[in-house]
Amino acid sequence: MFGQSRIAWRVWSLLLLAQLREQPVRMLITVVAIALGVALGTAVYLVNNAALNEFGLASKRLVGSADLIVQGPREAFPESVFVTLAHDPAVSLASPILELEAAIPGVRDAFKVLGVDVFRASAMQPQLMGDIAPHILQLFATDSIIVSNQAAVQLHLRRGDLLQVIVGSKAKTLHILDILSPDTYSQSLGIMDIASAQWIFESIGDLNRVDLRVKNGVNLESFKKILAAQLPASVLVITPQVERDRAVTVTRAYRVNLNMLAMIALLTGAFLVFSTQSLSVLRRRHSLALLRALGVTRLALQSALLGEGVALGVAGSLLGVLLGTFLAAIILQLLVGDLGNNQLQVVGASLRAAPLALIAFLIIGTVVTSAGAWFPARSAARQSASALKGAINASPRTGAGRYFSIALLGLGIVLTRIPAVGGIPLFGYLAVAALLFGSILLVPLLWVKVLRKMPRTHHVVLDTAVAQMRDNVKLSTLSLSSIIVSFSLMVAMAIMVYSFRVSFDHWLTKLLPADMQMREPLGNDTAFWSVQDQARLTAVAGVSRIDFRRTRLISLDAVHAAITLIARDFNVNNIADILPLVQSSALPSTKLPPIWISEAVQDIYGYKIGSEVVVPLAGRQHRCFVAGIWRDYARPAGAIVISRQAYQTATGDHNANEGSIWLSDGQNAARVAAMVRAQFALQDSIEIVTSSAVKERSMKLFDHAFVITYALEAVAVLIGLAGLSFATSSTALARRAEFGMLKYIGLRRRQVIGILATEGMLSSVFGAIFGLTLGAVLSLVLVFVINRQSFNWSIDLAVPIWQLAILGLVLVTAATLTAIISGRAATAGDAVRAVREDW
Amino acid sequence: MRIALGLMLLCVGVSVRATAGSDVLEGRALTFPGDYGSHAEFRTEWWYLTGWLKTEGESLGFQITFFRTRPTVDVDNLSSFTPRQLLIAHCALSDPQRGRLWQDQRIRRAGLGLAEAMSGDTHVWIDDWSLEHKSATYIAKILAEDFALNLSIRTTQQPLLNGRAGYSQKGPSPLSASYYYSIPHLQVIGNITRDGKSDAVHGEAWLDHEWSSQYLDGSAIGWEWVGINLNDGGALMAFRIRNPKGESHWTGGTLRDAHGTTQVFQPHDVEFQAKRTWVSPRTGIKYPVQWHIRAGSREFDLKPLLDDQENDTRLSTGAVYWEGAVSASEAGKDSGRGYLELTGYGEPLRLR
């Protein structure tokens with residue numbers, strides 16, 4: 001056994017060195033492809049991990065040592081709830097908090113402010129409050145606020161500066177007492193005394209969070225249940241872990257693209273290895289046969305050949321892991337991890353060493369590559385003894401492949417029916433892989449059929465080319481497979497992105513029917529327009545009509561992130577005109593207020609159309625009727641639309657914080673916008689944009705988000721093309737004897753090159769059609785399974801025909817050109833010598 | 001005279017737009033039970049209970065303190081969280097067998113019924129820590145992290161009015177003064193819990209209740225205070241305020257003899273002489289823990305129950321000081337038990 005493995009080792013090193021010497025560029029490209037796949041996977045993982053770590057750390061600081069968090073709706077609950085909790089014999093410490101997203105004039109994002117009782121909070125959040133203790137008395141001044149370092153950077157604040165916040169439509173001035181060190185808290189945050197927060201934000205008597213620490217020996221789960229039963233409806237008891245899990249949910253979706261790309265690159269790499277190894281086995285069949293004749297066993301030879309693939313895999317994976325780590329570091333530094341949406345801004349996230357994960361990626365890369373090398377190694381070891389005297393053995397072995405292929409395709413279809421695992425469309429990805437492999441296995445079968453059906457044209461070049469390909473199906477299949485893999489995946493991605501873009505465009509158009517949109521800073525709790533303000537705004541000259549909206553964040557359960565409640569004016573009969581409905585039902589005779597839920601609410605909470613559900617409004621549970629489901633690309637956590645009238649009846653809240661403005665005929669948008677602003681002392685607090693500008697900006701953001709996708713796709717296809725050209729040229733070289741023979745029997749060099757060009761063109765046309773078809777099938781999985789499971793929103797399928805046609809054309813042209821170039825190289829020189837050399 | 005630990009911290013850097021409290025004036029007669037209660041109009045106030053406890057075979061010292069202070073606040077703010085009053089409680093148990101001090105403290109804003117200092121009679125609490133006076137008995141309940149006290153404290157004597165009928169001057173200026181009475185010879189029964197193990201205790205205690213708006217003047221850096229329940233039924237309170245040179249800045253005291261005759265001391269009547277020092281292994285601060293005191297014609301020697309009775313509250317309130325149980329003797333003869341407080345031996349205390 002020892003001798004055996006030593007021989008395999010020697011053979012391996014001999015073969016590998018020879019390969020490296022002879023084909024350094026091809027080996028390099030293969031390694032790069034593998035590296036790219038591994039790097040993408042690694043980078044996505046690391047960035048995400050760092051972001052989550054950072055978020056986890058930040059949320060840990062915010063939660064501190066609390067055992068339970070009693071969380072109310074944003075519009076708060078009475079402070080008597082806190083008093084009751086503080087008196088509860090099972091509670092050892094209760095810390096009252098008023099947590100608000102404050103609107104800052106001229107700043108687009110809301111600013112998180114915590115109103116805390118430092119005396120109680122310092123026991124609960126010692127790290128966060130540690131820096132505050134020395135300032136405790138000054139913090140009692142109602143205008144005092146301490147801000148985190150990140151907030152100071154974002155809002156350009158220094159100690160002693162003044163900061164304006166908008167409450168209602170008025171400004172209030174706060175005084176920056178101190179700035180926390182970046183180590184204390186890395187996100188944007190302001191901390192005020194609870195009394196000041198209630199006073200400044202006009203929330204006297206209100207709290208919306210109470211942190212609890214329970215006494216030793218209290219069973220957390222049963223206490224949680226008791227509390228939940230006692231507390232007012234819409235006040236939830238959550239465990240701190242849930243808070244962190246919510247963040248995980250938020251970051252999940254954006255990874256889809258990059259993971260998909262990583263998969264493309266890795267699979268392309270594996271197929272490159274497969275085709276490279278297959279071809280090189282064919283090319284070296286004499287040397288291999290000789291080795292066998294010299295007594296090297298089949299196992300040793302197979303191990304040696306497999307070893308070549310493994311070596312490539314290890315090299316590529318190592319490079320990939322390094323590259324991925326480097327990439328992640330750059331992404332974290334430059335982009336400062338805004339994870340695809342504004343829900344989770346991660347700043348200061350730093351790369352963490354994750355040795356286990358890196359090793360895992362190393363292993364994945366190596367295993368996938370080795371799988372690519374295993375088939376050629378096995379077949380080479382089987383055949384090589386006979387190859388010493390035989391020609392290129394290129395008869396396709398089709399029988400077993402067919403059943404395996406059908407089984408894989410079947411498996412792929414079944415996998416698409418399985419729901420996501422913890423919000424990750426794991427089986428969707430597996431389905432893509434199964435369908436891809438299953439289809440690739442079909443390539444030789446179909447190719448043979450196509451070639452057999454090819455009619456004779458009596459055109460010598462064409463007929464010879466077809467005849468040659470018929471005899472060498474295996475060779476042409478090999479060069480085709482890797483390009484089909486990358487091309488089909490690229491097609492699938494292109495269709496998905498295009499579909500998404502078209503749907504997104506439609507959605508925007510539906511949502512922005514008015515001339516202008518106005519709103520207070522997104523997600524803020526403090527700025528709004530009172531009924532008087534609304535009347536004044538509507539009265540502005542040039543304004544024909546304003547549809548006001550009230551948006552609020554509400555929690556439907558203790559597990560998921562808060563959803564957006566949108567109260568807006570509309571005629572129930574015309575709802576389809578203002579909402580991008582995907583499903584609607586007839587209104588029932590019941591008096592229940594109808595609501596329209598976004599697809600995310602449908603997916604996450606399982607609410608069904610036509611059913612009755614409970615929605616917390618102003619601290620009370622209201623039964624509502626689900627009258628329709630609409631598509632929403634803006635709020636991944638979910639959104640519910642309710643009529644403003646029903647909302648006002650339930651809550652008594654007549655304020656608004658968003659509006660759509662219709663201009664009177666012939667009015668200038670900029671002038672009206674200026675006049676609307678002039679209604680308020682804080683002119684720059686409101687964001688007013690024309691709908692077309694919103695749309696333009698949104699589409700630009702959309703395209704921006706997919707730039708990386710496009711770029712990486714292109715790289716994957718370039719690698720595929722490189723693989724194809726290497727395959728072509730090495731085939732051409734391997735067939736020099738054949739070309740010599742053709743020349744010998746009277747064909748001119750131009751005709752020989754013509755034969756090669758025709759082969760390249762025909763096979764690449766086949767590859768392009770096959771790739772397009774396969775890509776279209778895979779795109780269905782992407783659009784309807786992976787997209788839906790990741791984002792909880794639907795996309796209408798749309799095919800970018802021109803884009804795909806051009807891609808296909810590029811592929812065919814590139815393949816034909818490559819064939820011509822390699823043909824020229826291979827046919828240069830003496831025919832007789834070529835024949836002799838090869839035999 | 002006792003120092004509000006938290007107050008030292010809280011007074012540092014307070015802006016001067018302070019809601020200045022009522023002035024302490026000579027001649028206002030203390031009336032009871034009204035003056036047992038809280039005096040919210042004064043800036044600071046404290047109830048300070050100290051004493052010796054006995055379990056079977058052990059002698060322990062204890063102190064329970066409730067402070068009240070009025071920070072500067074926006075009086076317009078209608079929030080019920082507005083910190084119109086802050087309450088601070090501190091509790092320590094001197095445990096010679098374990099050679100350690102058990103201590104814990106709490107700070108809260110008064111309000112919402114969770115922490116209050118009531119007027120009318122002594123009733124002050126922070127969550128489940130409380131001190132309440134009812135029908136000649138104080139009930140003290142402290143549930144600390146790793147120890148607990150549950151004491152019933154019966155009064156046996158009338159309040160001892162310190163200074164001139166309860167007006168206690170703290171420096172050369174008559175403006176720096178407090179209203180101050182003590183109740184010596186309180187009889188304690190109850191139980192204490194340490195590390196989950198409960199023991200019945202009995203003993204004798206001393207209560208100080210003092211309130212003021214301007215306590216010390218700028219020349220004070222620290223002080224000594226002692227209160228002794230004398231074995232013959234008498235009681236001694238004496239204090240010395242030190243200036244930055246470590247010299248006496250002001251002294252004072254009150255002595256009630258066994259027959260109930262009260263003697264109020266002038267600054268020249270009281271002398272403090274350090275006899276032995278102890279260096280804290282934790283902070284490196286050197287405390288004179290053994291003293292010779294002259295109060296009028298009587299001379300006392302004070303010896304600590306254990307040397308290490310250092311209170312380190314730097315993490316919460318910033319103060320490090322020594323406070324602990326002492327025994328007193330006159331001419332070598334055991335004459336009483338009490339408590340001694342030493343402040344300003346580390347960093348000078350900065351009282352406004």
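For the structure, check the block above.
As a starting point, this report considers the structure included with it. (Residues numbered from 1 in each chain as written. Chains lettered and ligands numbered in written order. Predicted model: local features only at pLDDT ≥ 70, side-chain atom pairs only at ≥ 80, totals over all residues.)

Moving on, we get to the interface of chain B and chain A. At the junction of the two partners, chain B supplies 20 residues and chain A supplies 14 residues. Among the elements that take part in the side of chain B that touches chain A, strand β4 (residues 100–109) of chain B stands out by supplying 3 residues, more than any other. (Contact = placed C-beta atoms within 7 Å. Helix = DSSP H or I, 4+ residues; strand = E, 2+ residues; numbered from the N terminus.)

With that settled, the discussion passes to the sheet that holds strand β3 (residues 91–102) of chain A. Residue and element names in this part refer to chain A. An order of β6-β7-β5-β8-β4-β3-β10-β1-β11 is seen for the 9 strands of this open sheet, with the pairing classed as mixed. A single partner strand is all that each edge strand has here, and the edge strands are β6 (162–167) and β11 (236–238). If you compare each strand with its neighbour and ignore which way they point, the axes differ by 35 degrees on average. Where β6 lies against strand β7 (residues 170–179), 6 bridges are found, and the strand directions are antiparallel. Within the sheet, the bridge partner assigned to Gln164 lies in β7 and is Thr173. Contacts between helix α3 (residues 80–87) and the sheet are confined to β1 (68–71), β3 and β10 (209–214), with β3 contributing the most and set at about 155 degrees to the helix. Helix-sheet contacts for helix α9 (residues 220–230) involve β1, β10 and β11, and the interaxial angle to β11 is about 165 degrees. (Pairing = 2+ DSSP bridges. Axes fitted to C-alpha atoms, helices over the stretch in contact; angles between N-to-C directions.)

Attention shifts here to helix α12 (residues 285–293) of chain A. Among the residues of α12(A), Arg285(A), Leu288(A), Ala289(A), Leu291(A) and Arg292(A) are the ones counted as buried. Looking straight down α12(A), one finds that the buried residues subtend no more than 155 degrees of arc, so they occupy a single side. (Buried ≥ 20, exposed ≤ 12 C-beta atoms within 10 Å, placed from the backbone. Arc of directions from axis to C-beta.)

All names here are of chain A. It is at 8 Å that the axes of helix α17 (residues 460–471) and helix α26 (residues 749–791) come closest, and there the two elements cross at 60 degrees. As the angle between them shows, α17 and α26 are arranged oblique. Regarding α17 and α26, the two cross each other, and that crossing is right-handed. Counting all contacts with α17, which are made through Val460, Val461, Leu462, Thr464, Ala465, Gln468 and Met469, the residues of α26 involved are Gln751, Gly754, Ile755, Thr758, Glu759, Leu762 and Ser763. (Parallel < 35°, antiparallel > 145°, perpendicular 65-115°, else oblique. Left-handed = near helix turned anticlockwise from the far one by under 90°.)

Before going further, it helps to spend a moment on the nonpolar core. Core analysis: the largest hydrophobic core is formed by 178 residues, its most contacted members being Leu85(A), Val210(A), Leu212(A), Leu87(B), Ala140(B), Leu149(B) and Leu207(B). Here this core takes 8 residues from strand β12 (residues 177–194) of chain B, the largest share from any one element. When neighbours within four sequence positions are excluded, Leu212(A) is seen to be in contact with Ala66(A), Asp67(A), Leu68(A), Val70(A), Leu85(A), Val91(A) and Ala94(A). Judged by nonpolar contacts, the second largest core, of 123 residues, contains Ala50(A), Ala270(A), Val368(A) and Ala377(A). (Core = buried A, V, L, I, M, F, W, Y, C linked by C-beta atoms within 7 Å.)

Another aspect to go through is the environment of Ile661(A). Following the sequence through the fold, Ile661(A) ends up in strand β20 (residues 658–663). In contact with Ile661(A), not counting residues within four places along its chain, are Ala514(A), Asp515(A), Met516(A), Met518(A), Val543(A) and Ile546(A).

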